[in-house]
Amino acid sequence: MSPKENGGFSAAAAQNGHQDSKFQGGESFFRSVLKSMEGVYLSRNPTAKAVMDLIRSSVHSDDQICYDHVTFRTLGVKGYGIESMAKFFLDFGYVERDELIFPAKKLKTRWFAPPNTENSCGNGNGDGANGPLPRIFIAELQVDELSPQAQEIIKKYTEMSGKGSQHAALASALGSPIWEKPSYTDFQKLASESEYGAWILAHGYAINHVAIAAHRLESHLKNIKTLNQFIEDHGYIFNYEGGLLKESPDGLLLQSSVIADMVSFEFADGITESIPFAYIEFVERLVLPQYKHLPHQEVKEYHRRDGFEIGNAYKIMESTSKHQLARRAAA
């Protein structure tokens, strides 16, 4: 596994326990923006907040919830794609890593490794947006692969935003799309071809989901299977696409997710309908074979499997799909 594949660390940096980039700019400002993004996510996704509160109530008071990664969705048209959202993170020291392609969903994605900071979970520095900086995962819908009708709908809204693509991070922090609300007719037409595209049309650059790093918890819940069972026992509905637990071929990346919340959305033509918003994910990254000899207390994040896996990610994305949401409705 190359340094790039192993979590965005150079060999020398890994030996020193630091990432190969430093934080740039004002960290307090950056975290305030990230906190605003998180606030939008939690205010509209009661399941995520409830699950986090449930975990916090079941662990030691010093234990903290750390985000493994935060995910955004974008539209691949005229500057509204990955770069529009990535710029904010790159400006503060994030480093671009790998690209993953999902032909069946007409998506390409990229993830970005966080810069080194002194913050780490377990040292009293806070959790969530106040904890260690998460990886950033950004997806882009390949609009030019859609039908002419779908392309026309998307371009109608992106073009009305003027230079809005330059303000993606601001839009995310405010929870407001940079284009006008879509009509219900346009939303339905786009959703019939791309649920992904319709989601972005309605929610813009808002956080699509956060992923909790199970292995960074200090309690018995650090095992993702135990964590999954604990959450499911409290009545939350998991995404069972490909099974509850998604496992990478090397067995070192384990992921699961709870199905997205439905939110009431008022469309531009006055119609109000419930549509999917965000969901919450859980990740366990196991220790790489070359570091198996290390005592538990010496294992750091860079000793663990990093990056993302196409098969896992594809199944996790189904957390906002109609057939998974139908399971929640039937529960």
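Conventions and cut-offs
- Residues numbered from 1 in each chain as written.
- Predicted model: local features only at pLDDT ≥ 70, side-chain atom pairs only at ≥ 80, totals over all residues.
- Heavy atoms only, no water.
- Helix = DSSP H or I, 4+ residues; strand = E, 2+ residues; numbered from the N terminus.
- Rg over C-alpha atoms; globule rule 2.2 N^0.38 Å.
- Buried < 20%, exposed > 50% of the residue type's maximum accessible area, 1.4 Å probe, protein only.
- Contact = heavy atoms within 4.5 Å.
- Lys, Arg positive; Asp, Glu negative; His and termini not counted.
- Charge placed at Lys NZ, Arg CZ, Asp CG, Glu CD.
- Polar contact = N/O pair within 3.5 Å; in protein donor to acceptor, adjacent residues only side chain to side chain.
- 1 Å grid on protein atoms, 1.4 Å probe; cavity = no way out; pocket = protein on both sides within 12 Å on 5 of 7 lines; lining within 4 Å.
- Points joined across faces, edges and corners; volume = space filled by probe spheres on them.
- Nonpolar A, V, L, I, M, F, W, Y, C, P; charged D, E, K, R; others polar.
- Pairing = 2+ DSSP bridges.
- Axes fitted to C-alpha atoms, helices over the stretch in contact; angles between N-to-C directions.
- Phe/Tyr/Trp six-rings, centres within 6.5 Å; stacked < 30°, edge-to-face > 60°.
- Salt bridge = Lys/Arg side-chain N within 4 Å of Asp/Glu carboxyl O.

> Hey, could you go over the overall build of the protein chain for me, with residue numbers and the actual values?
Helix and strand counts for the protein chain stand at 11 helices and 10 strands. Taken against the 2.2 N^0.38 rule, which gives 20 Å for 331 residues, the C-alpha radius of gyration of the protein chain at 19 Å falls within 12% of a compact globule. Across its three principal axes, the protein chain shows a C-alpha extent of roughly 60 × 45 × 35 Å. Within the protein chain, the proportion of its 331 residues that are buried is 58%. Taking the contacts inside the protein chain whose residues are at least 6 apart along the sequence as the reference set, 73% of them involve residues at least 24 apart. Looking at charge distribution, the protein chain has the averaged site of its 34 positive side-chain charges lying 1 Å from that of its 41 negative ones.

> How would you summarise the side chain of Arg110 if you had to cite specific residues and measurements?
Assignment of secondary structure puts Arg110 in strand 3 (residues 107–113). A distance of 3.1 Å separates the side chain of Arg110 from the side chain of Glu83, its partner in a polar contact. Of note is the side chain of Arg110, whose polar atom sits 3.3 Å from the side chain of Glu99. Non-local contacts of Arg110, meaning those with residues more than four positions away in its chain, are made with Ile82, Glu83, Glu96, Asp98, Glu99, Ile136, Phe137 and Ile138.

> Talk me through empty space enclosed by the protein; I want residue IDs and the actual numbers.
Rolled over the atoms, a probe as big as a water molecule pinpoints where empty space is left. Within the structure shown, the criterion is met by 2 cavities of 30 Å³ or more. Approximately 120 Å³ is the volume found for the largest cavity. In terms of lining, the largest cavity is formed by 14 residues, of which the most central are Thr71, Phe137, His209, Ala313 and Ile316. For the lining of the largest cavity, the element with the highest residue contribution is strand 1 (residues 67–75), accounting for 3 residues. Of the residues in the lining of the largest cavity, the class split is 7 nonpolar, 5 polar and 2 charged. Roughly 40 Å³ of internal volume is contained in the second largest cavity.

> Go over the sheet that holds strand 1, please, and point to the residues and values.
Strand order in this open sheet of 8 strands is 2-3-4-1-5-10-7-6, and the pairing throughout is mixed. Two strands bound the open sheet, and with one partner strand each, they are strand 2 (95–102) and strand 6 (246–247). Pairing analysis gives 2 bridges linking strand 6 to strand 7 (residues 253–258), with the strands arranged antiparallel. Bridge assignment links Glu247 to a residue of strand 7, and that residue is Leu254. Packing of helix 9 (residues 224–233) onto the sheet brings it into contact with strand 7 and strand 10 (279–285), and relative to strand 10 it is tilted by some 155°.

> Could you give an account of unusual backbone geometry, naming the residues involved and the relevant values?
One non-glycine residue with positive phi stands out, namely Lys78, at about 45°. Relative to the elements of secondary structure, Lys78 occurs in the loop between strand 1 and helix 4 (82–91). Accessibility expressed as a relative area gives 61% for Lys78, which makes it exposed. Even without being a glycine, Lys106 presents a positive backbone phi close to 55°. Considering the arrangement of structural elements, one finds Lys106 in the loop between strand 2 and strand 3. Overall, the relative accessible area of 27% leaves Lys106 in the partly exposed class.

> For the layout of surface pockets, give the residues involved together with the corresponding values.
Reported here for the second largest pocket is a volume of approximately 680 Å³. Surrounding the second largest pocket, 31 residues form its lining, Ala191, Glu195, Tyr196, Thr320 and Lys322 being those nearest its centre. Taken together, the elements giving at least two residues each to the lining of the second largest pocket come down to helix 7 (184–193), helix 8 (195–203), strand 9 (272–276) and helix 11 (322–330). Here the residues of the lining of the second largest pocket are counted per class, giving 16 nonpolar, 6 polar and 9 charged.

> Quick rundown of the packing of aromatic side chains? Include the residues and the values.
Within the structure shown, the criterion is met by 20 aromatic pairs. An angle of 45° between the planes, with centres 6.0 Å apart, marks the rings of Phe23 and Phe92 as tilted. One end of the pair, Phe23, is in the loop between helix 1 (11–16) and helix 2 (27–44); the other, Phe92, is in the loop between helix 4 and strand 2, with 69 residues separating them in the sequence. What makes Phe23 buried here is its relative accessible area of 17%.

> Could you give me a rundown of the pattern of salt bridges, with the residues and numbers involved?
A side chain of one charge can pair with a side chain of the opposite charge when the charged atoms of the two come close. The tally for this structure, following the rule as stated, stands at 21 salt bridges. Through salt bridges with shared partners, one network takes in Asp68, Arg135, Arg216, Arg285, Glu301 and Asp306.

> Which residues make up the packing of helix 7 against helix 8, and what values go with them?
Where helix 7 meets helix 8, the closest approach of the two axes is 6 Å, and the angle between their N-to-C directions is 145°. Touching Phe187, Leu190, Ala191 and Glu193 of helix 7 are Glu195, Gly197, Ala198, Trp199, Leu201 and Ala202, all from helix 8. Grouping the amino acids of the contact of helix 7 with helix 8 by side-chain chemistry returns 7 nonpolar, 1 polar and 2 charged.

> Lay out the pairing of strand 4 (residues 135–141) in plain terms, naming residues and giving numbers.
In terms of burial, strand 4 is largely enclosed, as 7 of its 7 residues are buried. Sheet topology note: the strand 1/strand 4 ladder contains 7 bridges and is parallel. The residue of strand 4 that forms the bridge with Leu75 is Leu141. With 6 bridges joining them, strand 3 and strand 4 adopt antiparallel strand pairing. Counterpart to Arg110 in the pairing with strand 4 is Ile138.

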